[in-house]
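Survey of secondary and tertiary structure
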Amino acid sequence: MQETADPAQFRSELRAWLESAPRPEGLRDYGPTPTVEDVPAGRAWQRLLADAGYSCLHWPVEYGGRDASIMEQAVFAEETARAGVPKQLGIVGTNLAAPVIMRYGTDAQRARYLEPIRLGDHLWCQLFSEPEAGSDLASLRSRAVAQDDGWVIDGQKIWTSAAAAADYGLLIARTGPERHKGLTAFIVPMDLPGIEVRPIRQMDDESKFNEVFFAGVRLPDEYRLGAVGQGWAVATATLGTERLSLGAQSVSMFSDLEAMIAAAAQRDRITPLLGDEFVSLWTRIWLLRATWLRAVYDDSSLDSPTFSVLKVMSSETHRDLGDLAVDVLGLDVTADFRDNALARKMLVARAQTILGGTSEIQRNILAERVLGLPREPVRKDG
Ligand SMILES: Cc1cc2nc3c(=O)[nH]c(=O)nc-3n(C[C@H](O)[C@H](O)[C@H](O)COP(=O)(O)OP(=O)(O)OC[C@H]3O[C@@H](n4cnc5c(N)ncnc54)[C@H](O)[C@@H]3O)c2cc1C
């Protein structure tokens, strides 16, 4: 990765652009993935980012990115959070699918899928988790059976963010009995006959999650990503990238804390106790940001357990920041959360400790790979 000569200059140019750029109608900072309603504004926003050279910063220059240093990515995360705009149309396309297409895809797949992701024309979803296979992803059962002309897919996925509006999905399916070597990755056009998407209503009244059912879905072999049996390698590469992205998001928590303090001041609720909480969280975010920046300089390998430390630190700080909304808002927290960004944060912040590998799973990784403790028992029935 190239190092930025002057991150401060990048920051001031980006900030100036963010201040002057037009906002597509209905644009809001919807987080890593849009709801169906957010998609038109999200697409238009990503096109504006692309035209200005700010889309897919981390991609290599040959694919239209700018080979951005981690520092530039951190600055981008901070400045977009400050401006209250999304970082991209959807994180799955730009940060999860694209890197594995670059690494495992054919030239034809790279030519076909990367540019529409960069321009915001194609929204992607991640078809990994199943009802009986979340943390233990390798036990997944959705299967792809080889036919003369391709594959037939049957099975069910769950918690698929953005599936209801996605153009493509990155699917891991079982092609053989071996736990890891029996998995293969596929690119799936989401409008194929036999795919049914059922939205799940969340407690914050949004509906980003979906169940996705595959019934006899025929998929030509040109949609296979990587070799047959390489699905586990594709999945783990994706999850490593996901953890890195989560670290990048963490730097934006300063703006959330500022919003929390402003809301407390507005309600005249700042007590010494609440002040202590603010300072304690500010210190945690500050340490997190410093640790994250140092870690990416020291060791950029996505397999590093360092990213598990950061995932746990950032998601649990996020959760605690969300919980603070109860003290800040008082009884207002029970009011309609659709109109209340802080109450909504309280409801959704806990999700960070689950997605991309739960806190318990991150601790298992640290126990086994850093402390050398005995491995977790593995289910044998999968
Ligand atoms: C906001 C959000 C977005 C998501 N988006 C997607 C998406 O787009 N695509 C997708 O495929 N998935 C997505 N997921 C699903 C996510 O990957 C899974 O929720 C996650 O992997 C956990 O799996 P699970 O929910 O099945 O929980 P389980 O794996 O059933 O875990 C249940 C509980 O048991 C604990 N546990 C499990 N195994 C162990 C163990 N070995 N040791 C200790 N504790 C353990 C877990 O930590 C957890 O507390 C999303 C989740 C969230 C919250």
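By the naming in an unreviewed UniProt entry, the protein chain is Acyl-CoA dehydrogenase, taken from Nocardia jinanensis. Under the Sequence similarities (unreviewed entry) heading, UniProt states for the protein chain: "Belongs to the acyl-CoA dehydrogenase family." Turning to the protein chain, the UniProt annotation filed under Cofactor (unreviewed entry) states: "FAD".

Points about the pattern of salt bridges
This model, assessed by the stated rule, comprises 25 salt bridges. A salt bridge links Arg47 to Asp121, with the shortest nitrogen-to-oxygen separation between them at 3.2 Å. With Arg47 in helix α2 (residues 39-51) and Asp121 in the loop between α5 (107-119) and β1 (124-127), the pair connects residues that are 74 residues apart, well separated along the chain. Here Arg47 falls in the partly exposed class, since its relative accessible area comes to 34%. Arg344 serves as the salt-bridge partner of Glu206, at 3.9 Å between the closest nitrogen and oxygen.

What about the nonpolar core?
Grouped together as the largest cluster of nonpolar side chains are 48 residues, with contacts concentrated most on Trp124, Phe214 and Leu225. Elements that contribute at least two residues to this core include exactly α4 (91-104), α5, β1, β3 (150-157), β4 (168-174), β5 (183-189), β7 (210-220) and α6 (231-250). The element contributing the most residues to this core is α4, with nine residues. Taken domain by domain, the makeup of this core includes at least three residues from each of domain 1 (7-119) and domain 2 (124-229). Setting aside anything within four residues of it in sequence, one finds Phe214 in contact with Leu127, Ile153, Asp154, Gly155, Lys157, Leu171, Val188, Gly194 and Ile195. The next biggest cluster of nonpolar side chains, apart from the first, holds 44 residues, and it includes Leu57, Met71, Val85 and Ile285.

About the criteria used
Residues numbered from 1 in each chain as written. Predicted model: local features only at pLDDT ≥ 70, side-chain atom pairs only at ≥ 80, totals over all residues. Heavy atoms only, no water. UniProt positions renumbered as here; feature names shortened; annotations may be inferred. Salt bridge = Lys/Arg side-chain N within 4 Å of Asp/Glu carboxyl O. Helix = DSSP H or I, 4+ residues; strand = E, 2+ residues; numbered from the N terminus. Buried < 20%, exposed > 50% of the residue type's maximum accessible area, 1.4 Å probe, protein only. Core = buried A, V, L, I, M, F, W, Y, C linked by side-chain atoms within 4.5 Å. Domains from an automatic or database assignment. Contact = heavy atoms within 4.5 Å.

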